[in-house]
Amino acid sequence: MPKTPTARSTSIAGLLTATSLVLALSGCATYDVTAPADARADAPAAAVKEKDARLAADADGKNGEDGSARDGGGAGPEVDCRKAKCVALTFDAGPSENTGRLLDILKKEQVHATFFMLGKNHVDKRPAEVKRIDAEGHELANHTWSHQILTEIDPAEAKRELSRLQDAVHRITGKTPRLMRPPQGRTDGEVSRISKELGLAQVLWSVTAKDYQTNDSALITKRVLEQTERDGIILLHDIYRGTVPAVPGILKELKKRGYTVVTVSQLLSPAKPEPGMVYRP
């Protein structure tokens, strides 16, 4: 008999969503999955206290004076996604020749994102962009070294795919990613075990523009806006020609609709990303 998937959630709806995801992705694999809202609700009391202290310091004008990033990215005032209508913005498979222009846009709009980076032909060829992503308060994250499907390769090779990217980012920035996105979103119990061993939480998504299929920036914008809801995670790719030109319009409309655009770790806060866990709205 196949094992029953496990799920960590504080609500029946969250439990059903989690269990469905595990079944859909892996059939009989067992691993933990939770939604951002449930992760926040389950945050340890000490983490909640720490978060509230930072918010109070911001209210008193005593926080963020050094421009340092908190909760895994985002300089400046603390964001409280327990109250704010948050959505996480993520970019996969870079850095690329488009990343500098994307960073210019994000800086102008005062928005921070999470970058799930590839190693081969990306991080190893563009260390300056990796440094800039970090320096400007964005979140560094792992999308493997060469985009191999982790569920289809030997566990030792899967571990190398993740650890090689970890090591490369650390050499460039002095920081080690805490988040990873499995290629094609394909994970299972073994990938979760390896991720836990490497200190990596897994992050899937709720919004995809399928920008790998089109260079039509207007269509990319339309797809993102049609799917976005509170606590969503938006998946885009900064390697495709039509994506970066779509970002200003996406951000403008999201702000108009009352969204606060954040990194993944900010979306989860006051919870901290838990190694091995799968996070999906």
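Structural data are supplied above this passage.
Note that the coordinates shown come from a computational prediction; the quantities given were computed from them, not determined experimentally.

What follows deals with the overall build of the protein. What the protein contains, in helices and strands, is 11 helices and 10 strands. Put simply, the protein has 281 residues, and 51% of those count as buried. Once local pairs closer than 6 in sequence are excluded, the contacts in the protein between residues at least 24 apart make up 75%. Carbon and sulfur atoms provide 51% of the accessible area of the protein, an area that totals close to 12500 Å².

A few words on the state of the cysteines. Tallying each qualifying case throughout the model produces one disulfide. For C81, the disulfide goes to C86, at an S-S distance of 2.2 Å. On the sign convention where negative is left-handed, the bridge of C81 and C86, at about -90° about the S-S bond, is left-handed. Accessibility assignment for this pair places C81 and C86 in one class, buried.

This next bit is on the pattern of salt bridges. This structure, assessed with the given rule, holds 21 salt bridges. Among the salt bridges present, the one from R40 reaches D231, with a minimum N-O distance of 3.0 Å. Within this pair, whereas R40 is found in helix α2 (residues 36-41), its partner D231 is found in the loop between α9 (217-227) and β8 (232-237), the two being separated by 191 residues in sequence. For R40, a relative accessible area of 8% translates into the label buried.

The residue S192 is located in helix α8 (residues 189-197) in this model. Residue S192 is classed as buried on the basis of its relative accessible area of 7%. If sequence neighbours within four positions are ignored, S192 has contacts with Y31, T187, Q202, G276 and V278.

Time to look at the pairing of strand β4 (residues 139-142). Of the two faces of β4, the one holding E139 and A141 and the one holding L140 and N142 are both buried throughout. Sheet topology note: the strand β3 (residues 114-117)/β4 ladder contains four bridges and is parallel. In the sheet register, F116 faces β4, and the bridge partner there is A141.

Inspection of α9 places S217, I220, T221, V224 and L225 among the buried residues, and these make up the whole buried set. One side of α9 carries all its buried residues, which in axial view fall inside an arc of 125°. Set apart from the buried face of α9 by more than 90 degrees, the exposed residues are A218 and E226. Taken together, the buried residues of α9 touch β7 (207-208), β8 and α10 (243-256).

In this section: the packing of aromatic side chains. This model, assessed by the stated rule, comprises one aromatic pair. Both rings, one in F91 and one in F115, keep their centres 5.5 Å apart while their planes meet at 25°; by these two values the pair is stacked. Of this pair, F91 sits in strand β2 (residues 86-92) while F115 sits in strand β3; the two residues are 24 residues apart in sequence, bridging distant segments of the chain. Lying over the aromatic face of Y259, K85 brings its terminal NZ or CZ to 4.3 Å of the ring centre.

To continue, consider helix α3 (residues 45-59). The end-to-end C-alpha separation of α3 is 21 Å, in line with the 21 Å expected for 15 residues at 1.5 Å each. All of the buried residues along α3 are A47, K51, R54, A57 and D58. Taken around the axis of α3, the buried residues stretch over an arc of 120°, which confines them to a single face. Turned more than 90 degrees away from the buried face of α3, the exposed residues are A45, A46, K49 and A59. Among the residues trailing α3, G61 stands out with phi positive, at a value near 75°.

To continue, consider the nonpolar core. Formed by 34 residues in total, the largest nonpolar core has its most connected members in L89, F91, L106, F115 and L236. Those elements that place two or more of their residues in this core are β2, α4 (99-109), β3, α6 (127-135), α7 (155-173), α9, β8 and α10. Take this core: its biggest share by element is six residues, from α10. Every residue in contact with L106, bar those within four places of it in the chain, is listed here: L89, F91, V111, A113, F115, H138, V247 and L251. Within the second largest apolar cluster, 19 residues are counted, among which are A39, C86, L267 and L268.

Basis of the calculations
For every chain, the first residue of its written sequence is number 1, and the numbers climb from 1 along that sequence. Totals for whole chains, interfaces and linings use all residues, but because this is a predicted model, local features are given only for residues with pLDDT of at least 70 and pairs of side-chain atoms are given and counted only at 80 or more. Side-chain measures here rest on the full set of heavy atoms in the structure, leaving out hydrogens and waters. Secondary structure elements follow DSSP: runs of H or I of four or more residues count as helices, runs of E of two or more count as strands, with numbering from the N terminus. Remark: exposure states derive from per-residue accessible area (1.4 Å probe, protein chains only) relative to the maximum for the residue type, with buried under 20%, exposed over 50%, and partly exposed in between. Whether two residues are in contact is decided by their heavy atoms, any of which lying within 4.5 Å being enough. Only the protein chains shown count as cover for residues, and all accessible areas are computed by the Shrake-Rupley method using a 1.4 Å probe. Any pair of cysteine sulfurs within 2.5 Å is marked as a disulfide. Each salt bridge in this description consists of a side-chain nitrogen of Lys or Arg and a carboxyl oxygen of Asp or Glu lying within 4 Å of one another. Whether two strands pair comes down to DSSP finding at least two bridges between them. Note: the arc covers the axis-to-C-beta directions of the helix. Two rings belonging to Phe, Tyr or Trp (six-membered ring only in the last case) form a pair when the distance between their centres is within 6.5 Å. Interplanar angles under 30 degrees mark stacking, angles over 60 mark edge-to-face geometry, and anything in between is tilted. Only when the NZ of Lys or the CZ of Arg is both within 6 Å of the ring centre and within 35 degrees of the ring normal is a charge said to sit over the ring. One fewer than the residue count of a helix, multiplied by 1.5 Å, yields its expected span. Throughout this description, the term nonpolar core refers to a set of buried Ala, Val, Leu, Ile, Met, Phe, Trp, Tyr and Cys residues connected via side-chain atoms within 4.5 Å.

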